[in-house]
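Chain and residue survey
Letter by letter, the chains look like this.
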Amino acid sequence: AGGYSNLEYDVVSGQRGARTAHAVALLRQLTGAETAIVVNNNAAAVLIVLAALADGHEVIISRGEMVEIGGGFRIPDVLRQSGALLREVGTTNRTRAADYATAISDRTSLILRVHPSNFVISGFTERPTLAELTAIGSRFDIPVVEDFGSGQLTAEIGARSEPTVRDSIDAGVTVCTFSGD
């Protein structure tokens, strides 16, 4: 704050730049993503992605991932507000990769996976890996979107047992949304 800022100025070209250029460059470097966009919060990011990719079409999601995320945003409500149609698969404790594949139809727009960053279902459980879901997405040419919740950026800082945003990108998700906190 004590000096000049090139927030909206591209120093290289000498022209007006974009406010998000610095954040996008850092996020690309940290996550390995092709590009990035920053919005107010993760619920807003999920809403924007669903409205852009699934308005009027089905979104397949595991019943066990129908959660309430930070700030009181419930996944079914966010889906409804986006114009997407909810297509639940599996059960609360067990959802298999085959459940997703069987549910795909000509009405399917995307597969949504919600990372359990603030809850745990234990015991008799099953959940497909992200790589299994992205393989299904590739097979049917359906985007796979991961609501990564808290968005752990590195394994060095945070819960070492948690995956990172880069892990999601490396697994082949089409879009990964996450919180900056």
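Up top is the structure.
Only a predicted model underlies this, so the values are computations on that prediction, with no experimental measurement involved. (Residues numbered from 1 in each chain as written. Predicted model: local features only at pLDDT ≥ 70, side-chain atom pairs only at ≥ 80, totals over all residues. Heavy atoms only, no water.)

So, on to the pattern of salt bridges. Taken as a whole, this structure holds ten salt bridges when the rule is applied. Note that Glu58 and Arg107 form a salt bridge whose closest N and O atoms lie 3.3 Å from each other. Highlighted residues: Glu58 in strand S3 (residues 58–62) and Arg107 in the loop between helix H4 (97–103) and strand S7 (108–114), separated in sequence by 49 residues. Judged by its relative accessible area of 10%, Glu58 falls in the buried class. (Salt bridge = Lys/Arg side-chain N within 4 Å of Asp/Glu carboxyl O. Helix = DSSP H or I, 4+ residues; strand = E, 2+ residues; numbered from the N terminus. Buried < 20%, exposed > 50% of the residue type's maximum accessible area, 1.4 Å probe, protein only.)

Adjacent strands of a sheet form backbone hydrogen bonds with each other and so pair up, either parallel or antiparallel. The five strands are arranged S6-S3-S7-S8-S9 in an open sheet whose pairing can be described as parallel. Bordering the open sheet on either side are strand S6 (85–89) and strand S9 (175–177), each of which pairs with just one other strand. When the angles between neighbouring strand axes are averaged without regard to direction, this sheet yields 25 degrees. Bridge analysis of strand S8 (residues 144–147) against S9 gives three bridges, and the strand direction is parallel. What sits directly across from Asp147, in S9, is Thr177. The strands touched by helix H2 (residues 42–54) are S3, S7, S8 and S9; relative to S9, the strand with the most contacts, the crossing angle is about 155 degrees. (Pairing = 2+ DSSP bridges. Axes fitted to C-alpha atoms, helices over the stretch in contact; angles between N-to-C directions. Contact = heavy atoms within 4.5 Å.)

Here we come to helix H5 (residues 130–140). Taken as a whole, H5 has its buried residues at Leu130, Leu133, Thr134, Ile136 and Gly137. Down the axis, H5 shows its buried residues gathered within 155 degrees of arc, on one side only. In H5, the exposed residues that point more than 90 degrees away from the buried face are Ser138 and Arg139. Looking at the buried side of H5, the elements it contacts are H4, S7, S8 and helix H6 (165–171). Just downstream of H5 lies Asp141, where phi reads positive at about 55 degrees. (Arc of directions from axis to C-beta.)

On to the side chain of Asp147, then. Along the chain, Asp147 turns up in strand S8. Here Asp147 occupies a buried position and makes no salt bridge, while the nearest side chain of opposite charge, Arg127, is found at 9.4 Å. With near-sequence residues (within four places) excluded, Asp147 lies in contact with Asn42, Val46, Ile69, Ile75, Leu112, Arg113, Val114, His115 and Thr177. (Lys, Arg positive; Asp, Glu negative; His and termini not counted.)

Once that is clear, we can look at the layout of surface pockets. Here the largest pocket is characterised by a volume of approximately 880 Å³. The wall of the largest pocket is formed by 32 residues, among which Ala36, Ile37, Cys176, Thr177 and Phe178 lie closest to the centre. Looking at the lining of the largest pocket, the elements with two or more residues in it are helix H1 (21–31), H2, H6 and S9. (1 Å grid on protein atoms, 1.4 Å probe; cavity = no way out; pocket = protein on both sides within 12 Å on 5 of 7 lines; lining within 4 Å. Points joined across faces, edges and corners; volume = space filled by probe spheres on them.)

On to H2, then. Taking 1.5 Å per residue as the helical rise, H2 with its 13 residues ought to reach 18 Å, and the 17 Å between its terminal C-alpha atoms agrees with that figure. Three or more residues of H2 are buried, namely Asn42, Ala43, Ala45, Val46, Val49, Leu50 and Ala54. In a view along the axis of H2, the buried residues occupy a sector of 160 degrees, so they form one face of it. Where H2 starts, the residue carrying a side-chain oxygen 3.2 Å from the main-chain nitrogen of Ala43 turns out to be Asn41. (Expected span 1.5 Å × (residues − 1). Polar contact = N/O pair within 3.5 Å; in protein donor to acceptor, adjacent residues only side chain to side chain.)

Where H2 meets helix H3 (residues 75–82), the axes come as close as 8 Å, and the angle between the chain directions of the two elements is 45 degrees. Taken as axis vectors, H2 and H3 run oblique relative to one another. Seen along the crossing, H2 lies across H3 with a hand that is right-handed. Of the residues in H3, those in contact with Ala43, Val46, Leu47, Leu50 and Ala51 of H2 are Val78, Leu79, Gln81 and Ser82. (Parallel < 35°, antiparallel > 145°, perpendicular 65-115°, else oblique. Left-handed = near helix turned anticlockwise from the far one by under 90°.)

We now examine the side chain of Thr134. Mapped onto the elements, Thr134 comes out in helix H5. According to the relative accessible area criterion, Thr134 is buried, its value standing at 9%. Only 3.0 Å separates the side chain of Thr134 from the backbone oxygen of Ala131, close enough to count as a polar contact. Excluding residues that lie within four positions of it along the chain, Thr134 makes contacts with Val144, Ala171, Gly172 and Val173.

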